[in-house]
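The primary structure of each chain is shown beneath.
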Amino acid sequence: MLKAMLISCFLFTVVGNASVNPDSLILVSSETEDCLMCHSALHPGIVASWNKSLHASSTPAGSMKKEGHARRISSPKIDENLKNTVVGCYECHGLNKDLHPDAFEHNGYTIHTIVSSGDCAVCHQVEEMQYRDNLMSRAHDNLMKNSVYMMLVGSVNGGYSFLNQKMHISPPNDHTLAESCLYCHGTKISITGMAKRETEYGDMLFPVLGGWPNQGVGRINPDGTLGSCSSCHPRHDFSVATARNPYTCSECHKGPDVPAFKVYEVSKHGNIFNSSKSSMNMSSVPWVIGLDFTIPTCATCHVSLIVDETGTVLAPRSHRFNDRLPWRLFGVPYAHPHPLNADVSTIKNKAGLPLPVELTGEPASDWLINKDEQVRRKNAMQRICNGCHSSSWTDQHFERLDNTIRETNALTLTATLLISEIWNQKLASGLPQNDNPFDEAIERDWTKVWLFHANSIRFTSAMAGGGDNGVFADGRFQLTEQIVKLQEFLSRYKKQ
Amino acid sequence: MLKAMLISCFLFTVVGNASVNPDSLILVSSETEDCLMCHSALHPGIVASWNKSLHASSTPAGSMKKEGHARRISSPKIDENLKNTVVGCYECHGLNKDLHPDAFEHNGYTIHTIVSSGDCAVCHQVEEMQYRDNLMSRAHDNLMKNSVYMMLVGSVNGGYSFLNQKMHISPPNDHTLAESCLYCHGTKISITGMAKRETEYGDMLFPVLGGWPNQGVGRINPDGTLGSCSSCHPRHDFSVATARNPYTCSECHKGPDVPAFKVYEVSKHGNIFNSSKSSMNMSSVPWVIGLDFTIPTCATCHVSLIVDETGTVLAPRSHRFNDRLPWRLFGVPYAHPHPLNADVSTIKNKAGLPLPVELTGEPASDWLINKDEQVRRKNAMQRICNGCHSSSWTDQHFERLDNTIRETNALTLTATLLISEIWNQKLASGLPQNDNPFDEAIERDWTKVWLFHANSIRFTSAMAGGGDNGVFADGRFQLTEQIVKLQEFLSRYKKQ
Amino acid sequence: MLKAMLISCFLFTVVGNASVNPDSLILVSSETEDCLMCHSALHPGIVASWNKSLHASSTPAGSMKKEGHARRISSPKIDENLKNTVVGCYECHGLNKDLHPDAFEHNGYTIHTIVSSGDCAVCHQVEEMQYRDNLMSRAHDNLMKNSVYMMLVGSVNGGYSFLNQKMHISPPNDHTLAESCLYCHGTKISITGMAKRETEYGDMLFPVLGGWPNQGVGRINPDGTLGSCSSCHPRHDFSVATARNPYTCSECHKGPDVPAFKVYEVSKHGNIFNSSKSSMNMSSVPWVIGLDFTIPTCATCHVSLIVDETGTVLAPRSHRFNDRLPWRLFGVPYAHPHPLNADVSTIKNKAGLPLPVELTGEPASDWLINKDEQVRRKNAMQRICNGCHSSSWTDQHFERLDNTIRETNALTLTATLLISEIWNQKLASGLPQNDNPFDEAIERDWTKVWLFHANSIRFTSAMAGGGDNGVFADGRFQLTEQIVKLQEFLSRYKKQ
């Protein structure tokens, strides 16, 4: 049971945050006080970060008094033990003990290192439920259980050795996987035992965690829950402002396979954001268009609750990001209607491949949303666009995107017909040979067509600008260059 | 006629801008009030953006009382009807009705969607006149009427299909062009009829606009005027600060063909800008070196009126950006003296190609400024440099740029001799064959030499830094790599 | 001798800095007053920049009253002549006359253009001494005296001409070198005579400086001292805040050969920095974790004095950046233990090459720090990590880095075995032929493996994120692609 105490003068000194109002009675649990006693000195950065957070200066009971759009706690009921103290170390690291195989005894308390999305759901239940239906929550298995993608992973991350005039490729090791693909997709955290560590307070036992550290979006937590809320609300200030800043998204969405941030940066939106961000209010809930911001970030269009100054909702908050996504623009050879379910690891196309499209581009429709749902999602997105643009602007913008999806899919088909002919002619060894389709130079050229360039073009279209990312910067120039290389390879080496 | 009214309490509530001084009598026209009545609710972002603007809080009559460098209105006389109200929706969207084929009836008013540079010229006449002589105002025709560039456009943006073992290339469609090259160069806006749209206020008729949306620098407006002022002064706050921020330029000047922003970012200037921008005054007119800023952005050197604290002019404002540009550094195979006229679509070199240089690099001098004018422009630029640098620093900086222009032109000549020999030997099919010189892989390698790498090196030189953009980041490493590939291609395949 | 005067009203007007406290007696030397008399008008930007600096508003005598960690002057004793005036133009440009071959007479004073690190050492002795042991201080000779690297420089920066069907490569000229490699590595500044220049005050004589302008980290100054403090404390505000901003490092550390900033930007650290930098105190000395910042920049981990709120030192200030670097991660084919000495130009491996590793990856251990020193440095770095992370987090992070160093070194070995076989088979002409190993296309592919991709992967690992820089953005995708190309080249062309 948590015994609450008034914050002591001692603690005020330790955490040194002048912004806490000394007139209000902010209660820190005695357990958290115990944590802070040592950890303020051991990890001053963590404690200072927490101390800036709303968690440190408000209690669930207080937060639940907020009504309507201003409310941040979505769970209808919070346990009495948690309600009246601030959300401190122990309130999270001591939750749901029975569900945590990583729980361990530490100075008289049972705690766990990894605060899971399941722990966050104690107060933020709706967000966690929505997030479970978000494609991102399944990012680990969606990659690691897909036999086609795993051939790409093996070819990219494997160990290459050249022995006796022959190349040998060994599978990637766990450390390599954890810091490459799984940095974003999330690791599976395992507990392999306990180990003694020297500390400033003597030797102590801690669990040995495999796949740790990690904050990937599809992390599989020791308690079986999915995702790491700190992917986007990082460290101990759990800031809504950080999550709304586009930099958060850039951690995983800047590379050539998913260049959303790179495109945003040079879009009209990104330009105005960069030029005027100091005048934006990134923290207010709800987020009021016109009052708090006049330019969108990633979160504006994809996640946040947006209202106008009269309180009318332009977009409800949703951690099921798919809600406003008619299309899946990246990650597979062809853009296609969004998958029905977050778990796409069980999809099989007609050819038996674990892909939501055929190699010809035809969608594997049974696994994908239908036209009506696409329209519904597009309308939800357009409602936000129309906050600042006329509806004819918005409609014609989306016509262009539709055209670009068609055109880039057609270009991908051309590249795929070429590599297929190359495989058929046995000028390279790929799918028809039951061989890895990603491990020869000409196959990499084909891969770049859809994994890098078609994506870059589609993001540029979808975000209404960032011209060069659709043309000379990993765009159409490079896409058509790969097609020409595929064709010249075929011409040069084919059997007559 | 505009009937002016005091801003009503209603409007204050709607637009909610606390910065408007309630003591001053800010007048909004009754027409604009009518607009705001619906559009405040329909598009709160637009109205909030406008509400932050100087247009919303000042009248032409008031602005014209400002004397000397502080004056923002350059037209000597403003129509009485416009003078005494703020510059609201109707003041711009209702201007010059007779010149606007896109004008239409809307709730009793004749308005047009696209505010053209001609409309802005009502108050900002000098800027519009200067801009007409700026190469950028002709960006649409300078691209679309150039037969050589159009071969590049066709090869990059075309549709590639592989049928019956043969490749077919179809021309790019309008949507593709509008979001690729013409995103920056500007579309030609066409009106193809009227269409009914469902709105929250019932069905209404609106013109159908082709090439819309677009804010490209060389947009051809329905009234025949050139350019979109909102390229750099975007949306409805028409901010001088946004235009002075380098992010504005980055929208079109970050790709490998024109990497100005990419270079700026890692230059000494960009470093200091990023480290200290919060202390800069980006809005004041004139822009006072030392007081408002101690580090330049793009606009400082290329556009803005710069004075020192005594009022001495270091650089006059000019929207004819060429005024301080002795050289044209990018966009054509060789750097060359700046073109005489903004319209370069009629240039022909001795070989009959629409290029300002021969393929040997020799400038097509009849179409270009002469040495005297180059010196005059260099001096104008150096005057700004000398605001912060000694004249020996500045002189030696420009010596390096001259050297780099010579060296990169020589490298381009080498690459061009190689591709010419490849064409002559019929190892590829290009200009001598009257064939597209951009549609084979080895031709793309030649193209990268001058379209990407030589440019990157020259920008790095011109901006005194951003070392790696001249070396390993699309610079000399990559340029020489293409030359080596051209040479090896010729050696491998040439007839003995 | 310096005669000190009270700042006159005149000067206050000229420099216009309202932040100077008029109650304190800030003394400007009469020499500096003379400088300002003309140069305030000639170069208002320089004077305004200086005027913002601590140098302009404090005297050495005053600064030396600060005790302990707050002290910024490290020299134990400052000359009486310098102590009681602010650090103005003449105090730096008039120092150490006898040591300066670039000193010249200018309006009755003997001054020099280039303020060297030796001049800065008058007050900042410890920093200059530490910096001499920093690899960066030797960046000029470490490049220019290394015969292997100079083959790369020649191949990348040289002049290529194609004459009589043959390629000729001429050495890079001085201007090209100064703005490419030596922009970062630093030029050697030479004085070749005096030249007359027209000025606003009549003709004057100035020294002719070769290699100028330059602020490279290993600049060889006319007085023989090494480095330019303005590399990181640029222009005349000499700001600690600028040096702590990551943008400073980005000037030289963003390209593919050393992509530290590119990785930082999309790391968790970079994300939080970008999202919250407006709340950081970048200027305070010492830099207090928790109070001044909760997220590190480059300087936090590599240079700055970091204390907690109790004054406990997490890291001492060190301008010998190597102090916390167990490994050298970039710039040579294999990552290896850090060199013992800053001057690495004399290193020879067993094969006689000027490299700290064999071509097989074995370190040239005699020239490198040993395991104990590596552990000591790693511990020093981890102490900072542990300011915000648990020690298990930190330990496991470094395990991953160790794994990545092993894996990328193994991949580099594979690529090197392949290029060696290509050389042995005479399919290309490289080290066995005493020929340049960087001037053929297939050699460039080998070079990219270690110069670009292995580095990118290692930086991404070292900085705990920036996932795509280790995978699809110049990372493992591209590294393995080069290996595949090397292998296919060998297979295609080798003698049977």
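Residues numbered from 1 in each chain as written. Chains lettered and ligands numbered in written order. Predicted model: local features only at pLDDT ≥ 70, side-chain atom pairs only at ≥ 80, totals over all residues. Heavy atoms only, no water.

A few points about the environment of Arg72(C)
All names here are of chain C. Looking at the secondary structure, you find Arg72 in the loop between helix H5 (60-63) and helix H6 (80-83). Judged by relative accessible area, which is 32%, Arg72 ranks as partly exposed. In this structure, the C-alpha to C-alpha distance between Arg72 and Asn469, residues 397 residues apart in sequence, is 37 Å. When sequence neighbours within four positions are dropped, the list of residues in contact with Arg72 reads Leu54, His124, Val240, Ser283, Ser284 and Val285. A polar contact is formed between the side chain of Arg72 and the backbone oxygen of Ser283, at a distance of 3.2 Å. (Helix = DSSP H or I, 4+ residues; strand = E, 2+ residues; numbered from the N terminus. Buried < 20%, exposed > 50% of the residue type's maximum accessible area, 1.4 Å probe, protein only. Contact = heavy atoms within 4.5 Å. Polar contact = N/O pair within 3.5 Å; in protein donor to acceptor, adjacent residues only side chain to side chain.)

Structural notes on the relation of the copies chain A and chain B
With an axial shift of 0.0 Å and an RMSD of 0.0 Å, the rotation relating chain A to chain B amounts to 120 degrees. The relationship between the two copies is best expressed as a three-fold rotation axis. Considering only C-alpha atoms, the part of chain A nearest the rotation axis is Ser278(A), at 4.9 Å. (Least-squares fit on C-alpha atoms with pLDDT ≥ 70 in both.)

A word on the packing of aromatic side chains
The tally for this structure, following the rule as stated, stands at 45 aromatic pairs over all chains. Taken together, the aromatic side chains of Tyr247(A), Phe261(A), Tyr264(A) and Phe273(A) make up a single cluster linked through ring pairs. (Phe/Tyr/Trp six-rings, centres within 6.5 Å; stacked < 30°, edge-to-face > 60°.)

Looking at the environment of Glu488(C)
Residue placement: Glu488(C) occurs in helix H23 (residues 476-493). The exposure class of Glu488(C) is buried, given its relative accessible area of 19%. Between the C-alpha atom of Glu488(C) and that of Leu418(C), which follows or precedes it by 70 residues, the distance is 10.0 Å. Once you skip the residues sitting within four places of it in the chain, Glu488(C) turns out to touch Glu440(A) and Ala441(A).

Points about the interface of chain C and chain A
Taken together, the 57 residues of chain C in the interface contact 62 residues of chain A. Buried surface at the junction of chain C and chain A, both sides included, amounts to about 5200 Å², of which 54% is carbon and sulfur. Applying the counting rule to chain C against chain A returns five salt bridges. Taken together, chain C and chain A are joined by 31 residue pairs in polar contact (both at pLDDT 80 or more). Secondary-structure elements contributing two or more residues to the side of chain C that touches chain A are helix H17 (268-276), helix H20 (391-424), helix H21 (441-462), helix H22 (467-470) and H23 of chain C. In terms of residue count, the dominant contributor to the side of chain C that touches chain A is H20(C) (17 residues). Considered class by class, the residues forming the side of chain C that touches chain A number 18 nonpolar, 24 polar and 15 charged. (Buried area = accessible area lost by both parts, 1.4 Å probe. Salt bridge = Lys/Arg side-chain N within 4 Å of Asp/Glu carboxyl O. Nonpolar A, V, L, I, M, F, W, Y, C, P; charged D, E, K, R; others polar.)

Considering H21(C)
An α-helical segment advances 3.6 residues per turn. Residues three or four places apart therefore align on the same side. All names here are of chain C. Compared with an ideal rise of 1.5 Å per residue, which puts 22 residues at 32 Å, H21 spans 30 Å between its outermost C-alpha atoms and is within 8% of the ideal. The largest bend in H21 is about 40 degrees, located at Lys448. H21 sits mainly inside the fold: 21 of its 22 residues count as buried. A positive backbone phi angle near 60 degrees is found at Ala464, which sits one or two residues after H21. (Expected span 1.5 Å × (residues − 1). Bend = angle between axes of the 7 residues up to and from the residue.)

With respect to helix H3 (residues 44-51) of chain B
Burial analysis of H3(B) places eight of its eight residues in the buried class, the great majority of the element. Residues of H3(B) that are buried include every one of Pro44(B), Gly45(B), Ile46(B), Val47(B), Ala48(B), Ser49(B), Trp50(B) and Asn51(B), and no others.

A short note on the pairing of strand S8 (residues 202-210) of chain B
Looking along a regular strand, one sees the side chains alternate between the two faces of the sheet. All names here are of chain B. Note that strand S7 (residues 190-199) and S8 share nine bridges and pair antiparallel. The partner of Thr199 across the bridge, within S8, is Gly202. Where S7 folds back on S8, the antiparallel hairpin that results is connected by two residues. (Pairing = 2+ DSSP bridges.)

Details of unusual backbone geometry
Here the amide bond leading from Val285(B) into Pro286(B) is cis, since omega sits at 0 degrees, within 30 degrees of zero. For the peptide bond that leads from Trp212(C) to Pro213(C), omega is 0 degrees, which places it in the cis range. Unusually for a residue other than glycine, Phe238(A) sits at a positive phi of about 45 degrees. Locating Phe238(A) in the fold gives a position in the loop between strand S8 (202-210) and helix H14 (240-244). In the Ramachandran plot, Asn96(B) falls in the positive-phi region, its phi being about 45 degrees despite a non-glycine side chain. One can find Asn96(B) in the loop between helix H7 (89-93) and strand S3 (104-106).

Brief notes about the sheet that holds strand S9 (residues 287-288) of chain C
All names here are of chain C. Strand order in the open sheet formed by three strands is S9-S10-S11, with mixed pairing between adjacent strands. In the strand order of this sheet, the two ends are held by S9 and strand S11 (313-315), each with one partner. Of the strand pairs in this sheet, strand S10 (residues 306-307) and S11 are connected by two bridges, and their pairing is antiparallel. In the strand pairing of S11, Ile306 is matched with Ala315.

Details of the sheet that holds strand S10 (residues 306-307) of chain B
Consider a sheet: its strands pair through backbone hydrogen bonds, and that pairing is either parallel or antiparallel. All names here are of chain B. Pairing is mixed in the open sheet, where three strands are placed in the order S9-S10-S11. Every other strand in the sheet has two partners, leaving strand S9 (287-288) and strand S11 (313-315) as the edge strands with one partner each. As paired strands, S9 and S10 are joined by two bridges and run parallel to one another. Across the sheet, Trp287 pairs through a bridge with Ile306, a residue of S10.

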